[in-house]
Amino acid sequence: DVKVTQSSRYLVKRTGEKVFLECVQDMDHENMFWYRQDPGLGLRLIYFSYDVKMKEKGDIPEGYSVSREKKERFSLILESASTNQTSMYLCASYQVNQPQHFGDGTRLSIL
Amino acid sequence: GESVGLHLPTLSVQEGDNSIINCAYSNSASDYFIWYKQESGKGPQFIIDIRSNMDKRQGQRVTVLLNKTVKHLSLQIAATQPGDSAVYFCAESHTGGFKTIFGAGTRLFVKA
């Protein structure tokens, strides 16, 4: 089975801090995604990557950046955390025309 | 714009009954559809998928129906169990595309 692992289940940070969320997948998938999930808004795509060192903006990239230095790892970076970035963050990976596989999420609180 | 939506935000069923969760999609170009289950504190988990060249696909206790004429997707769960209590999402994409559009989700409650 595909395993997508997010480094932290819960994280509490302060406004203005630089925050790193890490995601690793073990199935050699080309494509990786970062979403945020908020009540009533569903899953919103922040960034995705279709290859090492390649990245594309999703629907809500403002305030975020990403890094994909290795195929198995996709990092989400909050450059200067703000309270409106408090959310559940979900990482996913997949091969095209197959379903996405998700990690268990990181619940991030910005104080 | 493109959207995938669900008709009901919550659904409550009696244990042992069948559940039907509905979804509408708006992008005619979508040709791949997926249902996910998300339990509390976990990420979405793949349940079943269907491609546009089919109108029905069955799994273990689950069936997905696709009606391309009215752009409607449904998930049927047979003999619903307490462990089926979760939020269910539909999602759509198209062949060769990178992006998947997710619905907002329906919360299924199973009454013992």
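Small disclaimer: the values here were computed from a predicted structure and weren't measured.

K.L.:
Looking at this model, I keep getting lost on the interface of chain B and chain A. Mind explaining?
P.N.:
How large an interface is tends to be reported as the accessible area lost when its parts come together. Counting from both sides, the interface comprises 20 residues of chain B and, opposite them, 21 residues of chain A. Across the interface of chain B and chain A, roughly 1700 Å² is buried in total on both sides, 57% from carbon and sulfur atoms. When the area that chain B buries against chain A is broken down by residue, the three leading residues are Phe98, Lys99 and Phe102 of chain B, summing to 34%. Viewed at the interface, chain A and chain B are joined by one salt bridge. When the shortest N-O distance is used, the salt bridge between Asp59 of chain A and Lys99 of chain B registers 3.1 Å. Connecting chain B to chain A are six residue pairs in polar contact (both at pLDDT 80 or more). Elements supplying a minimum of two residues to the side of chain B that touches chain A: strand E4 (32-38) and strand E5 (45-51) of chain B. It is E4 of chain B that provides the largest number of residues to the side of chain B that touches chain A, a total of four residues.

K.L.:
Explanation requested: the packing of aromatic side chains in the structure shown.
P.N.:
The relative placement of two aromatic rings is captured by the distance of their centres and the angle of their planes. Residue and element names in this part refer to chain A. Within the structure shown, the criterion is met by 10 aromatic pairs over all chains. For the pair Phe33 and Phe48, a centre-to-centre distance of 5.6 Å together with 20 degrees between the ring planes defines the contact as stacked. Placement of the pair is Phe33 in strand E4 (residues 31-38) and Phe48 in strand E5 (residues 42-49), with a sequence separation of 15 residues. An identical accessibility class is assigned to Phe33 and Phe48; each is buried. Summarising the aromatic geometry, the rings of Phe33 and Tyr94 are spaced 5.3 Å apart at their centres and angled 50 degrees between planes, so their arrangement reads as tilted.

K.L.:
Just checking my understanding: could you explain the side chain of Ser87 of chain A for this structure?
P.N.:
Residues and elements named next belong to chain A. Within the secondary structure layout, Ser87 lies in strand E9 (residues 87-94). A polar atom in the side chain of Ser87 sits 3.4 Å from the side chain of Arg36. Of the polar contacts made by the side chain of Ser87, one reaches the side chain of Asp38; its length is 2.7 Å. Not counting the four nearest positions on each side in its chain, Ser87 is found in contact with Arg36, Gln37, Asp38, Thr106, Arg107 and Leu108.

K.L.:
What exactly am I supposed to notice about the pairing of E4 of chain A here?
P.N.:
On a regular strand, one side chain projects to one face of the sheet and the next to the other, so that they alternate. Residue and element names in this part refer to chain A. Of all eight residues making up E4, eight are buried, and the element is well covered by its neighbours. Burial of the side chains of E4 extends over both faces: Asn31, Phe33, Tyr35 and Gln37 are buried on one face and Met32, Trp34, Arg36 and Asp38 on the other. Two elements, E4 and E9, share seven bridges in a ladder whose sense is antiparallel. Bridged to Asn31 within E9 is Tyr94. Here E4 pairs with E5 via seven bridges, running antiparallel. The residue bridging Arg36 from the neighbouring strand is Arg44, located in E5. From the end of E4 to the start of E5, which pair antiparallel, there are three residues, and Gly40 there has a positive phi angle of about 80 degrees.

Criteria and thresholds
Residues numbered from 1 in each chain as written. Chains lettered and ligands numbered in written order. Predicted model: local features only at pLDDT ≥ 70, side-chain atom pairs only at ≥ 80, totals over all residues. Heavy atoms only, no water. Contact = heavy atoms within 4.5 Å. Buried area = accessible area lost by both parts, 1.4 Å probe. Salt bridge = Lys/Arg side-chain N within 4 Å of Asp/Glu carboxyl O. Polar contact = N/O pair within 3.5 Å; in protein donor to acceptor, adjacent residues only side chain to side chain. Helix = DSSP H or I, 4+ residues; strand = E, 2+ residues; numbered from the N terminus. Phe/Tyr/Trp six-rings, centres within 6.5 Å; stacked < 30°, edge-to-face > 60°. Buried < 20%, exposed > 50% of the residue type's maximum accessible area, 1.4 Å probe, protein only. Pairing = 2+ DSSP bridges.

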